[in-house]
Amino acid sequence: MKFKIDRRDWKKVSLSDVVVKKEENNKDYARNMFDRFLKVDHMDAESLHIKRWSSQKAGDELNPTFYKVFRKGQILYPTRNPHLKRAVLATFDGICGEKTLTLAPNYDKIIPEFIPFLFHSENFYKHTISAIIGSTNPHVRWRDVASFQFLLPPKDQQKKIAELLWAMDEVIEKDNDILESSRKSLQVFIEEFVPRKCEDYWRLGDIISTRKGVTYKSTDYSNSGKGIPLLNLKSIERGGGFNKNGLKYFKGEYNESHLAKNDDLIVACTDLTRAGNVVGYPLHPSVYQNKKMLLTMDLIAIEIKNHELLRDYLYYVLKSQWIHWKLFANSPGTTVLHLDLKGMLNLKIPKFSTEVQNNRVKKLKNIDKNILIIEDKIYSSKSLQKSLINQIF
């Protein structure tokens, strides 16, 4: 769906014309007056919502560089790694790091509900990413952020546009709540169907073999959908599953033996964070069924050698929390985690008859099916909202 917007009476402005950079810095005041503090990791990509934070009262340690006060209604924009597309709208007063911009709306020029969406527009991403400086610590300066130019509608149009964008956002957030609830229900059943204590077990090394993905030249990558789909680390959702936004495409030459097979179970063997939200988790098998897809070196393909073990049962086994913690324990690394395949192959998983496996998989798939429907709905809603944001800014 394409929106048609009349911009004839819109005026070109710079970001510095419509927002004011605030610098409320006081270490003692910040520490003593505010409990909650916000790290960059608390911000989700391309979302304005703050859904988690740290708390001094809860015993979370406040970093010495966290002394900047932010206020409710301000836009928080981390200047480090702008390519991560993070910016949120503060819904409470708190503390953030010194490198996060705290921006307040200029009420003379804009209505406050209108401007937050600018920070998740493609033009703003391109502008800030092109202004990155520093190789080991990539960041963008305020003066470069402030120079971003766009067409600003009159306030009456700002109000109408903001109402539409926030109404769309409300629909997305409600569906996100339903999705989160469904995922929790699925996880409860997974933990029940993959018990810690069992009469019999399989040792993974006895029933599977693995093959690792291949390194490909980034110059042959494409994000435009041209080429063969390339499964990579970003393709796997946190906790397992599929992230549609993480798929890349490959335009170069490849070997047929490197393609994903229908019976494979593809698993992340790397994680870029210490939290281990991806390493050891599996990609949803439906993604590569009857399709030609490659996989990068950050993934491994598991081939099951014993017909008594069902691939889809193993998929849910690897999504269980207690199994994941064992795999996480076998993932050494300081900044990047790498799954220790020897440790993985020594892992013991609950052994059941194919009949029991089938029954459990069937119940879990029914929940999974509903989750996929909700995910598709959210994806469509986000695409529609993003289309409008990109036309405005």
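Residues numbered from 1 in each chain as written. Predicted model: local features only at pLDDT ≥ 70, side-chain atom pairs only at ≥ 80, totals over all residues. Heavy atoms only, no water.

Draft legend 1. Layout of the overall build of the protein. Within the protein one finds 10 helices and 21 strands. Computed over the C-alpha atoms, the radius of gyration of the protein is 24 Å, within 12% of the 21 Å expected from 2.2 N^0.38 for a compact globule of 393 residues. Projected onto its principal axes, the C-alpha coordinates of the protein cover approximately 70 × 50 × 40 Å. Within the protein, the proportion of its 393 residues that are buried is 46%. Counting contacts in the protein only where the partners sit at least 6 residues apart, residues at least 24 apart contribute 80% of the total. Total accessible area on the protein is roughly 20500 Å²; 50% of this is exposed by carbon and sulfur atoms. If you average the places of the 63 positive and of the 47 negative side-chain charges in the protein, the two averages end up 3 Å apart. (Helix = DSSP H or I, 4+ residues; strand = E, 2+ residues; numbered from the N terminus. Rg over C-alpha atoms; globule rule 2.2 N^0.38 Å. Buried < 20%, exposed > 50% of the residue type's maximum accessible area, 1.4 Å probe, protein only. Contact = heavy atoms within 4.5 Å. Areas by Shrake-Rupley, 256 points an atom, 1.4 Å probe, with all protein chains shown as cover. Lys, Arg positive; Asp, Glu negative; His and termini not counted. Charge placed at Lys NZ, Arg CZ, Asp CG, Glu CD.)

Draft legend 2. Representation of the sheet that holds strand β6 (residues 75-78) in the model. Taken together, the four strands give an open sheet; going across it, the order is β2-β9-β6-β7, and neighbouring strands pair in antiparallel fashion. For this open sheet the edge positions go to β2 (19-22) and β7 (88-89), each flanked by a neighbour on one side alone. Pairing of β6 with strand β9 (residues 100-105), which is carried by four bridges, proceeds in the antiparallel orientation. Within β9, the residue paired with Pro78 across the bridge is Thr100. (Pairing = 2+ DSSP bridges.)

Draft legend 3. Seen up close, the pairing of strand β19 (residues 299-304). Bridge count between strand β12 (residues 208-212) and β19: five bridges; the pairing is antiparallel. Looking across to β19, one finds that Lys212 is bridged to Ile300. Relative to β19, strand β16 (residues 265-268) runs antiparallel, the two being bridged by four bridges. Considered in β19, the bridge of Ala268 is made with Leu299.

Draft legend 4. Main features of the nonpolar core. Judged by nonpolar contacts, the single largest core of 56 residues is most densely connected at Leu231, Ile266, Tyr288, Ile302, Leu314, Ile323 and Ile349. Where this core is concerned, the elements lending two or more residues are α5 (155-193), α6 (204-207), β16, β19, α7 (311-317), α8 (321-329) and α10 (354-392). Looking at this core, the element that brings in the most residues is α10, giving six residues. With sequence-adjacent residues up to four places away left out, Leu314 is seen in contact with Leu204, Ile208, Leu265, Ile302, Ile304, Leu309 and Ile349. Counting residues in each nonpolar core, the second largest holds 34 residues, with Val19, Ile75, Phe148 and Phe150 among its members. (Core = buried A, V, L, I, M, F, W, Y, C linked by side-chain atoms within 4.5 Å.)

Draft legend 5. Broad picture of the confidence of the model for the protein. Scored by pLDDT, the protein has a mean of 91; 98% of the residues are at 70 or more. When mean pLDDT is compared element by element in the protein, β7 scores highest at 97, while strand β13 (residues 221-222) scores lowest at 82. (pLDDT = per-residue confidence, 0-100.)

Draft legend 6. Quick look at the pattern of salt bridges. Summed over all chains, the structure comprises 23 salt bridges. Linking Lys351 and Asp200 is a salt bridge whose minimum nitrogen-to-oxygen distance equals 3.7 Å. Placement of the pair is Lys351 in the loop between β21 (348-350) and α10 and Asp200 in the loop between α5 and β11 (201-203), with a sequence separation of 151 residues. Across the pair Arg203 and Asp206 runs a salt bridge whose closest N-O atoms are separated by 3.0 Å. Taken together, the salt bridges that share partners define one network made up of Arg211, Lys261, Asp264 and Glu303. (Salt bridge = Lys/Arg side-chain N within 4 Å of Asp/Glu carboxyl O.)

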